[in-house]
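Observations on the model geometry
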Amino acid sequence: MSPRSVITGLDIRACADRIEALQQRDGAIPWVETGVWDPWNHGESAMGLAVAGRVEGVHLALDALAARQEADGGWTGELGAGIPMDEAGERIAPPPVPVTARDTNFAGYAAVTVLRCALALDEPRLIARYFPMVARALDFVMNLQTRHGDVVWRAPDIGQPLEDVDALRAGNSSLFKSFECGLRMAEILEKPRPDWARSRAAIARALTATPERFDRKGIDRSSYAMDWYYPVLTGVVTGADARARLDEGWDKFVVADLGCRCVTGEPWVTAAETAELALACLSAGRRDAARTLVNELAPLAAPDGGYWMGWQYEIGDVWPKERPSWTAGAIILAADALDALSPGSDLLVRHARADAWTTGGAEIRAN
């Protein structure tokens, strides 16, 4: 039986049904019917299935993730931006040669995926089974970390210097959490990884002390909501500093009664960003704000299951015309954190200190 949430209009079962409807026979979970697969969004969807108690789908998804991992620990994922849309917001058929990247954040997210699924299903054996995959993934990430502590967003092309690839604030923040989850699994299995702990601490230092390391190739991403709330969501910034950061960007990104904009310059609120912002609010101790945000998504619930990606509020219509698997997954995870729908529901909103594994103890910081 699927767990129930008290959030207005939220049907966990319908969200999980949408994810399962998109899941392929080999366990892979693409964005939408027309395709697009990457390991991060696949993992987000798998975690949603785990919270909903869809055991078979989770096992298939984890096996698919392991089967697609490449020799050096990374994955080649498709970029959704590489598949054009028509004016009505419908995806045009994928190009013969998809736009791909070997994204570091996408790879590291395997650690979060495995631990969250194992906790939600109360299957600790999954940690031991998939830890080798997680270890290879985090080693892949660590090998793409610069001497300044930032991790470049993708594996460089053959012969391309590491410094020629940019580092992204949201991606590095997510990796900070990924290393935490990897270290928790290593601790459970009594396989200490002090090198991961050092990489995690270095990411935190880079994000807080050397912000010039990010977006250093001339692209200003400060208009993206993820750059605003991800340091709070993942525990890089905590306590009073986290609340101050949320306050600083709130009026810029949050539209009253609608949710969180994806980008400041567009009249477009998105369900996944709103759900993630709710998690960030929980991380900062703002439960009422988190619940309000998720409740505001009720109009985006689709009759056939899942949630529309977003709402273009100037024209008053959903846009684009798609219900991504990972959008459903993100909303399930927000509801889980709010209403404790499954074991380990606080994993994404409670965080170990940046130096937890370098000072001899993985303590949880209470916000």
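Sequence order as written defines the numbering, with residues in each chain counted from 1. The predicted origin of the model limits local features to residues at a pLDDT of at least 70 and limits the giving and counting of side-chain atom pairs to 80 or more, whereas totals for whole chains, interfaces and linings rest on all residues. The basis for the side-chain values is all heavy atoms of the structure; hydrogens and waters are excluded.

1. Description of the overall build of the protein chain
Counted only if it meets this: Secondary structure follows DSSP: runs of H or I at least 4 residues long count as helices, runs of E at least 2 residues long count as strands, and numbering of each begins at the N terminus. In this setup the radius of gyration rests on C-alpha atoms only. A globule is expected at 2.2 Å times the number of residues raised to 0.38. In this scheme, a residue with accessible area under 20% of its type's maximum is buried, one over 50% is exposed, and one in between is partly exposed, where area comes from a 1.4 Å probe on protein chains only. Contacts between residues were defined by any pair of non-hydrogen atoms, one from each residue, lying within 4.5 Å. For the area figures, the Shrake-Rupley method with a 1.4 Å probe applies, and any residue is considered shielded solely by the protein chains shown. Counting rule applied: Lys, Arg positive; Asp, Glu negative; His and chain ends not counted. A single reference atom marks each charge: NZ on Lys, CZ on Arg, CG on Asp, CD on Glu.
When helices and strands are counted, the protein chain shows twelve helices and nine strands. A globule of 367 residues ought to have a C-alpha radius of gyration of about 21 Å, and the protein chain, at 19 Å, matches this closely. For the C-alpha atoms alone, the extent of the protein chain along its principal axes is close to 50 × 45 × 45 Å. Per-residue burial for the protein chain yields a buried fraction of 59% across its 367 residues. Excluding contacts between residues fewer than 6 apart, the proportion of contacts in the protein chain whose partners are at least 24 apart in sequence is 69%. Looking at the protein chain as shown, the accessible area adds up to about 14,900 Å², and 52% of this sits on carbon and sulfur atoms. With 38 positive and 51 negative side-chain charges, the protein chain shows a spacing of 5 Å between the two charge centroids.

2. Points about the nonpolar core
Here is the rule we go by: Put simply, buried Ala, Val, Leu, Ile, Met, Phe, Trp, Tyr and Cys residues joined by side-chain atoms within 4.5 Å make one nonpolar core.
With 119 residues, the main nonpolar core has W196, Y229, L246 and L277 as its most contacted residues. Excluding anything up to four places from it in sequence, L246 contacts W228, Y229, V232, L277, A280, C281, A284 and R286.

3. Examining the state of the cysteines
Cysteine pairs can be covalently joined through their sulfur atoms, and such a bond is termed a disulfide. The condition is simple: Count a disulfide wherever a pair of cysteine sulfur atoms falls within 2.5 Å.
Going through the model one piece at a time under the given rule, you end up with zero disulfides. Lacking any disulfide linkage, C117 is separated from the closest cysteine sulfur, that of C181, by 11 Å. According to the relative accessible area criterion, C117 is buried, its value standing at 0%.

4. A word on the side chain of D38
Filter applied, for reference: Whenever a nitrogen or oxygen atom comes within 3.5 Å of another N or O atom, the pair is scored as a polar contact, on the condition that within protein one atom can donate a hydrogen and the other can accept it, and that pairs from neighbouring residues in sequence are kept only if both atoms are in side chains.
Along the polypeptide, D38 turns up in the loop between α1 (12-22) and α2 (39-51). With a relative accessible area of 0%, D38 lands in the buried category. Only 3.0 Å separates the side chain of D38 from the backbone nitrogen of W40, close enough to count as a polar contact. When residues no more than four places from it in sequence are discounted, the contact partners of D38 are W31, G77, E78 and F106.

5. Brief notes about the packing of helix α3 (residues 55-68) against helix α5 (residues 125-142)
The following threshold applies: Angles run from 0 to 180 degrees between N-to-C directions of axes, and those axes are lines fitted to C-alpha atoms, restricted for helices to the stretch in contact. With respect to orientation, any angle under 35 degrees is reported as roughly parallel, any angle over 145 as roughly antiparallel, any angle of 65 to 115 as roughly perpendicular, and every other angle as oblique. The hand of a helix crossing depends on one turn: near helix anticlockwise from the far one by less than a right angle means left-handed, and clockwise means right-handed. Each residue gets one of three labels, nonpolar for Ala, Val, Leu, Ile, Met, Phe, Trp, Tyr, Cys and Pro, charged for Asp, Glu, Lys and Arg, and polar for the others, Gly among them.
At a minimum axis distance of 10 Å, the contact between α3 and α5 shows a crossing angle of 20 degrees. As the angle between them shows, α3 and α5 are arranged roughly parallel. With respect to the hand of their crossing, α3 and α5 are arranged in left-handed fashion. Every residue of α5 that contacts α3 at H59, L62, D63, L65 and A66 is listed here: R125, L126, R129, Y130 and M133. Its residues placed into classes, the contact of α3 with α5 shows six nonpolar, one polar and three charged.

6. Overview of the environment of E180
Mapped onto the secondary structure, E180 falls in helix α6 (residues 169-188). Through-space distance from the C-alpha of E180 to that of A354 is 8.8 Å; in sequence the pair is 174 residues apart. Leave out the neighbours within four places in its chain, and E180 touches R200, R350, H351, A352 and W357. Engagement of the side chain of E180 in a polar contact is seen with the side chain of K177, the distance being 3.1 Å.

7. Some points on helix α9 (residues 239-253)
For an α-helix, the turn length of 3.6 residues means that residues three or four places apart are oriented alike. Rules: Given the number of residues in a helix, its expected span is that number minus one, multiplied by 1.5 Å. Bending is quantified residue by residue as the angle between axes fitted to the seven-residue window ending at that residue and the seven-residue window starting at it.
With 15 residues, α9 extends 21 Å from end C-alpha to end C-alpha; this agrees with the ideal 21 Å at 1.5 Å per step. Helix geometry: α9 is bent most strongly at D247, by close to 25 degrees. Tucked inside the fold, the buried residues of α9 contact α8 (225-233), β3 (254-255), β4 (259-260) and α10 (271-283).

8. Digging into the sheet that holds strand β6 (residues 310-312)
Applied cut-off: Strand pairing follows a simple DSSP-based rule, namely that at least 2 bridges must link the two strands.
Sheet architecture is open: three strands sit in the order β5-β6-β7, paired in antiparallel fashion. Lying at the two open borders of the sheet, with one neighbouring strand each, are β5 (268-270) and β7 (317-318). As defined by bridge partners, β6 adjoins β7 across two bridges and the pair is classed as antiparallel. Along β7, the bridge assignment pairs Q312 with D317.

9. So, the side chain of E296
To keep things clear, this is the line we draw: Every case where a carboxyl oxygen of Asp or Glu lies within 4 Å of a side-chain nitrogen of Lys or Arg is listed as a salt bridge.
Along the chain, E296 falls in the loop between α11 (287-295) and β6. The buried charged residue E296 lacks any salt bridge, with R261 as its nearest oppositely charged partner at 12 Å. There is a polar contact of 3.5 Å between the side chain of E296 and the backbone nitrogen of G259.

10. Section: the packing of α6 against helix α7 (residues 194-209)
At a closest axis distance of 9 Å, the pairing of α6 and α7 adopts a crossing angle of 155 degrees. Looking at the two axes, α6 sits roughly antiparallel to α7. Between α6 and α7 lies a crossing of left-handed hand. Here R169, N172, S173, L175, F176, F179, E180, G182, L183 and A186 of α6 come into contact with α7, specifically with W196, A197, S199, R200, I203, A204 and L207. A per-class count over the contact of α6 with α7 returns ten nonpolar, four polar and three charged.

11. Some thoughts on the pattern of salt bridges
With the rule as written, the count across this model stands at 29 salt bridges. Between K177 and E180 there is a salt bridge, with the nearest N and O atoms lying 3.1 Å from each other. With a gap of three residues between them, K177 and E180 both fall in helix α6, about one helical turn apart. Measuring nitrogen to oxygen at the nearest pair gives 2.7 Å for the salt bridge that ties R286 to D247. One end of the pair, R286, is in the loop between α10 and α11; the other, D247, is in helix α9, with 39 residues separating them in the sequence. What emerges from the salt-bridge pattern is a single network uniting D150, E163, D166, R169, R213, D215, R216, R221 and D227.

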